[in-house]
Amino acid sequence: YKKKKLYDSSMTYYLKSLESVKGQVNPPLVYYNIGETLFLKKLVDSSFHFYKEAERYAIESHHPRGLAYAYFGLAEVNFRKGNINQAIELQKRSLNIRNQIDDVRGAIQSYLKLASYLMASGDVSEVNTQIETAKKLTDQVEANDLFLEARYLEYQYLSEIGEYKLANDVLKKYESLKD
């Protein structure tokens, strides 16, 4: 339901799922998904609460994947609220955990978010490294959707640093891949 943007329907099932996993080891992921759904509905403050619960449960149950997700969500909330430095720090934590547990797809997402946060902060010195690392990893997990996202971010980065000819070339490649 969430992928189809039917957030109320997805929330119904997440809440049912939350009731069924209370006291078990996987609540961090359920709390994260509720937080993400609320975030997508633009209920940022409510999503923060569920991301914090995901973090709490992940720490209590020693659930690294849940903690990586929690940090990812908390980074998004902080970025949305304009706390870019805090968002960068949280995304780095998420990325570190994802690399440790070999969550390649999650790491790609974190590299891309980190690159976009750094661009927004005005610190473009590491942006290209983040994008290139993400692009290389997409081959490992055949994440064509994330490769496409990396290409578009690369276009934005090149435009940001004034490399308009290269940016145009990347945009053309992005458009051909998108089609």
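Report follows, based on the coordinates. (Residues numbered from 1 in each chain as written. Predicted model: local features only at pLDDT ≥ 70, side-chain atom pairs only at ≥ 80, totals over all residues. Heavy atoms only, no water.)

### Remarks on helix 8 (residues 144–160)
Going by this rule: Starting at the N terminus, helices and strands are each numbered in turn, a helix being any DSSP run of H or I of at least four residues and a strand any DSSP run of E of at least two. By this rule the span expected of a helix is its residue count minus one, scaled by 1.5 Å. In this scheme, a residue with accessible area under 20% of its type's maximum is buried, one over 50% is exposed, and one in between is partly exposed, where area comes from a 1.4 Å probe on protein chains only. The contact criterion used is simple: two residues touch if any of their non-hydrogen atoms lie within 4.5 Å.
Under the 1.5 Å per step criterion, the end-to-end length of helix 8 is 24 Å for 17 residues, consistent within 8% with the ideal 24 Å. For helix 8, the full list of buried residues reads Leu146, Leu148, Ala150, Arg151, Leu153, Glu154, Tyr157 and Leu158. Next to the buried residues of helix 8 lie helix 6 (104–121), helix 7 (127–141) and helix 9 (164–178).

### Comments concerning the packing of helix 4 (residues 64–80) against helix 6
Test applied: Helix axes use the C-alpha atoms of the stretch in contact, all axes being lines fitted to C-alpha atoms, and the angles between their N-to-C directions lie in the range 0 to 180 degrees. Reported orientations rely on four angle classes, namely roughly parallel under 35 degrees, roughly antiparallel over 145, roughly perpendicular from 65 to 115, and oblique for the rest. Note on convention: near helix rotated counterclockwise from far helix by under a right angle means a left-handed crossing. Clockwise means right-handed. Gly counts as polar in this scheme, as do all residues outside two lists: the nonpolar Ala, Val, Leu, Ile, Met, Phe, Trp, Tyr, Cys and Pro, and the charged Asp, Glu, Lys and Arg.
Where helix 4 contacts helix 6, the two axes come as close as 12 Å, and the packing angle between them is 20°. Classified by the angle their axes make, helix 4 and helix 6 are roughly parallel. In the crossing of helix 4 with helix 6, the sense of the turn from one axis to the other is left-handed. Across the interface between the two elements, Phe72, Ala75, Glu76 and Phe79 of helix 4 pack against Gln109, Ser110, Lys113, Tyr117 and Ala120 of helix 6. When grouped by side-chain class, the residues that make up the contact of helix 4 with helix 6 number five nonpolar, two polar and two charged.

### Quick word on the packing of helix 8 against helix 9
Running from N to C, helix 8 and helix 9 cross one another at 160°; their axes reach a closest spacing of 8 Å. One element, helix 8, and the other, helix 9, form an angle in the roughly antiparallel class. Remark: the crossing between helix 8 and helix 9 carries left-handed chirality. Facing Phe147, Leu148, Arg151, Tyr152, Glu154, Tyr155, Leu158 and Ser159 of helix 8, the residues of helix 9 in contact are Tyr164, Leu166, Ala167, Val170, Leu171, Lys173, Tyr174, Leu177 and Lys178. When the residues that make up the contact of helix 8 with helix 9 are grouped by side-chain class, the tally is 12 nonpolar, one polar and four charged.

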